[in-house]
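Residue-level listing of the chains:
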Amino acid sequence: MNKFLQDAGIEVPIIGGPMYPCSNPELVAAVSEAGGIGIIQPISLTYVHGYDFQEGIRYIKSLSSKPIGMNVLIEKSSKKYEDKMKEWLDIALDEGIRFFITSLGKPDWVVQKVHAVGGKVYHDVTELKWAKIAVKAKVDGLICVNANAGGHAGDIEAPCLYEDLKELGLPLVCAGGVGDKKAYVEMLSLGYLGVQMGTRFIATVECEVPSDYKEAIIKACKDDIVFSLNLTGVKVSVINTPYIQRLGLKPNFIVSWMLENSILKGLVRIIYMLRSIKNLKGLVKGKKSQQGFFQAGKSVEGIRKVETVKKVIHSFIH
Ligand SMILES: Cc1cc2nc3c(=O)[nH]c(=O)nc-3n(C[C@H](O)[C@H](O)[C@H](O)COP(=O)(O)O)c2cc1C
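Residues numbered from 1 in each chain as written. Predicted model: local features only at pLDDT ≥ 70, side-chain atom pairs only at ≥ 80, totals over all residues. Heavy atoms only, no water.

### Comments concerning the overall build of the protein
A tally of regular secondary structure across the protein gives 15 helices and ten strands. Rg of the C-alpha trace for the protein: 18 Å, near the compact-globule value of 20 Å for 318 residues, within the 12% margin. Dimensions of the protein, computed from C-alpha atoms along their principal axes, come out at roughly 50 × 45 × 40 Å. Considering only contacts in the protein between residues 6 or more positions apart, those separated by 24 or more positions represent 62%. Put simply, the protein shows about 14,200 Å² of open surface, and 56% of that area lies on carbon and sulfur atoms. (Helix = DSSP H or I, 4+ residues; strand = E, 2+ residues; numbered from the N terminus. Rg over C-alpha atoms; globule rule 2.2 N^0.38 Å. Contact = heavy atoms within 4.5 Å. Areas by Shrake-Rupley, 256 points an atom, 1.4 Å probe, with all protein chains shown as cover.)

### Re the sheet that holds strand β5 (residues 120-125)
Taken in spatial order, the eight strands close into a barrel running β1-β2-β3-β4-β5-β6-β7-β8, and their pairing is parallel. Averaged over neighbouring strand pairs, the angle between their axes works out to 25° when direction is ignored. Sheet topology note: the strand β6 (residues 141-145)/strand β7 (residues 172-175) ladder contains four bridges and is parallel. From the neighbouring strand, Leu142 faces β7, where its bridge partner is Leu172. Across the sheet, helix α2 (residues 25-33) is in contact with β1 (14-16) and β2 (37-40); its angle to β2 comes to roughly 155°. (Pairing = 2+ DSSP bridges. Axes fitted to C-alpha atoms, helices over the stretch in contact; angles between N-to-C directions.)

### Things to note about the packing of α2 against helix α4 (residues 53-63)
Contact geometry of α2 with α4 gives a least axis separation of 9 Å together with a crossing angle of 40°. The orientation of α2 with respect to α4, classified from their angle, is oblique. Crossing handedness for the pair α2 and α4: right-handed. Residues Pro25, Glu26, Val28, Ala29 and Glu33 of α2 pack against Tyr59, Ile60 and Leu63 of α4. Of the residues that constitute the contact of α2 with α4, the class distribution is six nonpolar, no polar and two charged. (Parallel < 35°, antiparallel > 145°, perpendicular 65-115°, else oblique. Left-handed = near helix turned anticlockwise from the far one by under 90°. Nonpolar A, V, L, I, M, F, W, Y, C, P; charged D, E, K, R; others polar.)

### Section: the pattern of salt bridges
Within the structure shown, the criterion is met by twelve salt bridges. As a salt-bridge pair, Asp83 and Lys79 come within 3.0 Å of each other at their nearest N and O atoms. Linking Asp83 with Lys79, this pair stays in helix α5 (residues 79-94), spanning four residues, or about one helical turn. The exposure class of Asp83 is partly exposed, given its relative accessible area of 36%. Exposure remark for Lys79: the relative accessible area of 59% places this residue in the exposed category. Between Lys182 and Glu186 there is a salt bridge; the shortest N-O distance is 3.5 Å. Within this pair, Lys182 and its partner Glu186 are both found in helix α9 (residues 181-190), separated by four residues, close to a single helical turn. A residue is classified by how much of its surface remains accessible, and Glu186, at 39% relative accessible area, is partly exposed. Through salt bridges with shared partners, one network takes in Lys3, Asp7 and Lys120. (Salt bridge = Lys/Arg side-chain N within 4 Å of Asp/Glu carboxyl O. Buried < 20%, exposed > 50% of the residue type's maximum accessible area, 1.4 Å probe, protein only.)

### Describing the environment of Val300
Inspection of the secondary structure puts Val300 in the loop between α14 (262-281) and α15 (309-317). Sequence-wise, Val300 and Thr199 are 101 residues apart; in three dimensions their C-alpha atoms are separated by 6.9 Å.

### Re the nonpolar core
Residues Phe100 and Phe201 are the most contacted members of the largest nonpolar core, which totals 71 residues. Among the elements that make up this core, the one with the highest residue count is α5 (six residues). Shared between two domains, this core holds at least three residues of each, these being domain 1 (3-208 + 304-317) and domain 2 (211-281). When sequence neighbours within four positions are dropped, the list of residues in contact with Phe201 reads Ile14, Ile15, Gly16, Met19, Leu27, Val31, Cys207, Val309, Val312 and Ile313. (Core = buried A, V, L, I, M, F, W, Y, C linked by side-chain atoms within 4.5 Å. Domains from an automatic or database assignment.)

### Observations regarding helix α11 (residues 211-219)
Buried residues of α11: Asp212, Tyr213, Lys214, Ala216 and Ile217, and no others. In the core, the buried residues of α11 are packed alongside α10 (199-202) and β10 (236-239).

### Description of unusual backbone geometry
Look at the link from Tyr20 to Pro21: it is a cis peptide, with omega at 10°. Tracing the chain through its elements places Pro21 in the loop between β1 and α2. Even without a glycine there, the phi angle at Leu104 is positive, about 65°. Relative to the helices and strands, Leu104 resides in the loop between β4 (99-103) and α6 (108-116). With relative accessibility at 46%, the residue Leu104 sits in the partly exposed group. With a phi close to 70°, Lys138 is a non-glycine residue in the positive phi region. In this fold, Lys138 is placed in the loop between α7 (128-136) and β6.

None of this, on its own, says anything about what the molecule does.
This is how it looks when you write it as structure tokens:
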């Protein structure tokens, strides 16, 4: 059994990546139930899907008794946000969650709390510079976010990223570009111990986004994916729809200038976040998608059908 499987306590080396706003509890549970590990995105669970955090975890546990994980987003921009994330981490630990994926920032305080109870922390990285900081914080593994990933993609292709990071001696999980068995097998043969998928799991029966979002994924090919700086202030991978074209891929001159200023940058990120919350909240619970805003990665290329999570995972491993 590989080290990643041991750390996560699972049988199939597939992570259902945390997704704001697409990680509904049923999707998280379905990935775990099929032998992989579903990761809770706490803002998605509480704000978008309307659960009290602890009740949400208990609901997921009622759907699957297999291991689940949690995404800890380390964002130092607001004390209130940081405190909330710490409170959620404590609740998750009390509820028996032992596998965590940290994104952004320095994960040292998460590692301390999680290691104290025998859990494991894997950190999202896009390049060696960030991976070295994570290694200093004593993380157990790395989620290697490559240039093909959905969400906030990296800049480096999966094979090069593997070569850059393997010297660190930690278990490496590939995030990005895996939408079918062929890509899955390719990534494992490079040496990655597992894959984290987001886009593939949006186009499943269990994911609660409206059907036009799922249809947009199964119709898209990799050339339809563009990177927009105009949604969150950071590069986001989206399907190139008329809405995205109208919005433009880059912020205007004033916003670009504000993003370069360390004080004003925070303000712009908050404005973007509020706009995205307003847009994204309508995406779930079967409501009609908003304006053609579909976050997805280049893995759309291998996704041609909306299927159950179990069928997707079985098709990869059999
Ligand atoms: C809609 C969407 C939202 C995402 N939100 C998050 C998030 O909140 N936290 C995070 O760590 N990763 C997030 N990701 C990244 C995924 O967890 C995963 O690493 C990525 O989707 C892998 O690439 P793939 O889409 O090609 O499978 C998101 C991805 C997508 C597509």
